[in-house]
Amino acid sequence: MKLILVRHTETIWNRDKRIQGGGSSDTALSDVGIEQAHLLAKFFEGENIAAIASSPLQRALNTANIIAEPHGLKVKEDTGLKELEVGELEGLSWANLGSSFTHFLLQEWQGQGTGNIKGGESFVQLQQRSWDSVEQLRRECDGDSVIVVSHYFATLSIIFKALELLPEHLPKFRIANGGVSIIEFTGSGPRLTAFNNTSFLNCGKG
């Protein structure tokens, strides 16, 4: 299976650098985010896609629906693909943390992804549910190309599982809004063949 991982496009909270997890905020796409989603749809026009799955949070689901339209596909909503639950941190400005959000989370997780943030979940818990969703897609779409539209940490949790990386390496990675990463499942195991591709932003530009 060719697993095409897409982070949702821009929201107002992304622009304002506010923390948005898998909680009750459920932020919508900004005007820029909607435009980015249409560019992604154009980017994927020539791709033979068997299925599109998405987190049910509207920023991911709206991105996925725009991508799905040219292919005539119905998006499969999957709660396993929701963003990391961040509990009491939901809606806070990054500036309130005194460090990057990723470094803050690593401190809360005690460096190994086994602890819980206040009212939230650990990296291990996130990774377990997101990988369960990937395994279900592999059973349903073996040999096909599948798009999964999700979130920053949810996407990284899938990539880290595939590559057998520890959470302590999270600060070395960054995925932009709309960034496209690809994992290909082969006989010798999963391979990361693309990471954070944002060339879709140039679609339609001469």
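Predicted model, so just to flag it, every value in this text is computed and none were measured. (Residues numbered from 1 in each chain as written. Predicted model: local features only at pLDDT ≥ 70, side-chain atom pairs only at ≥ 80, totals over all residues. Heavy atoms only, no water.)

K.L.:
Account for unusual backbone geometry, naming residues and giving values.
P.N.:
For residues that are not glycine, phi is negative in most cases, and the peptide bond is trans in most cases. Although it is not a glycine, Asp-26 adopts a positive phi angle of roughly 40°. On the secondary structure map, Asp-26 appears in the loop between helix H1 (12–15) and helix H2 (31–43). The backbone of Glu-164 sits at a positive phi, close to 60°, despite the residue not being glycine. With respect to the secondary-structure elements, Glu-164 resides in the loop between helix H6 (152–163) and strand S5 (180–186). (Helix = DSSP H or I, 4+ residues; strand = E, 2+ residues; numbered from the N terminus.)

K.L.:
Lay out the side chain of Glu-121 in plain terms, naming residues and giving numbers.
P.N.:
Here Glu-121 lies in the loop between helix H4 (101–108) and helix H5 (123–140). A relative accessible area of 10% places Glu-121 in the buried class. Within the structure, Glu-121 has its side chain in polar contact with the backbone nitrogen of Glu-85 (distance 3.0 Å). In terms of polar contacts, Glu-121 uses its side chain to reach the side chain of Arg-129, at 2.5 Å. (Buried < 20%, exposed > 50% of the residue type's maximum accessible area, 1.4 Å probe, protein only. Polar contact = N/O pair within 3.5 Å; in protein donor to acceptor, adjacent residues only side chain to side chain.)

K.L.:
Tell me about the packing of aromatic side chains, and please be specific about residues and values.
P.N.:
Taken as a whole and judged by the stated rule, the model has 7 aromatic pairs. Judged by centre distance (5.7 Å) and plane angle (85°), the ring pair of Phe-101 and Phe-153 falls under edge-to-face. Highlighted residues: Phe-101 in helix H4 and Phe-153 in helix H6, separated in sequence by 52 residues. Note on accessibility: Phe-101 and Phe-153 belong to one class, buried. When the centroid spacing of 4.9 Å and the interplanar angle of 75° are considered together, the rings of Tyr-152 and Phe-153 count as edge-to-face. By relative accessible area, Phe-153 is classed as buried at 4%. (Phe/Tyr/Trp six-rings, centres within 6.5 Å; stacked < 30°, edge-to-face > 60°.)

K.L.:
Describe the nonpolar core, naming the residues involved and giving the relevant values.
P.N.:
Grouped together as the largest cluster of nonpolar side chains are 37 residues, with contacts concentrated most on Leu-3, Phe-101, Trp-109, Val-148, Ile-158 and Ile-183. Of all the elements, H6 adds the most residues to this core, at 8 residues. Counting residues in each nonpolar core, the second largest holds 19 residues, with Ile-52, Ala-64, Ile-67 and Val-149 among its members. (Core = buried A, V, L, I, M, F, W, Y, C linked by side-chain atoms within 4.5 Å.)

K.L.:
Any chance you could break down the pattern of salt bridges for me, citing the residues and the numbers?
P.N.:
Applying the stated criterion across every chain, the model contains 6 salt bridges. Between Lys-2 and Glu-47 there is a salt bridge, and its shortest N-O distance comes to 3.0 Å. Taken together, the residues span a long stretch of sequence, with Lys-2 in strand S1 (residues 2–7) and Glu-47 in the loop between H2 and strand S2 (51–54) at a distance of 45 residues. A salt bridge links Glu-140 to Lys-76; its shortest N-O distance comes to 3.3 Å. Here Glu-140, found in helix H5, pairs with Lys-76, found in strand S3 (residues 76–77); they are 64 residues apart in sequence, far enough to count as distant. Looking at Lys-76, the relative accessible area reads 31%, which means it is partly exposed. (Salt bridge = Lys/Arg side-chain N within 4 Å of Asp/Glu carboxyl O.)

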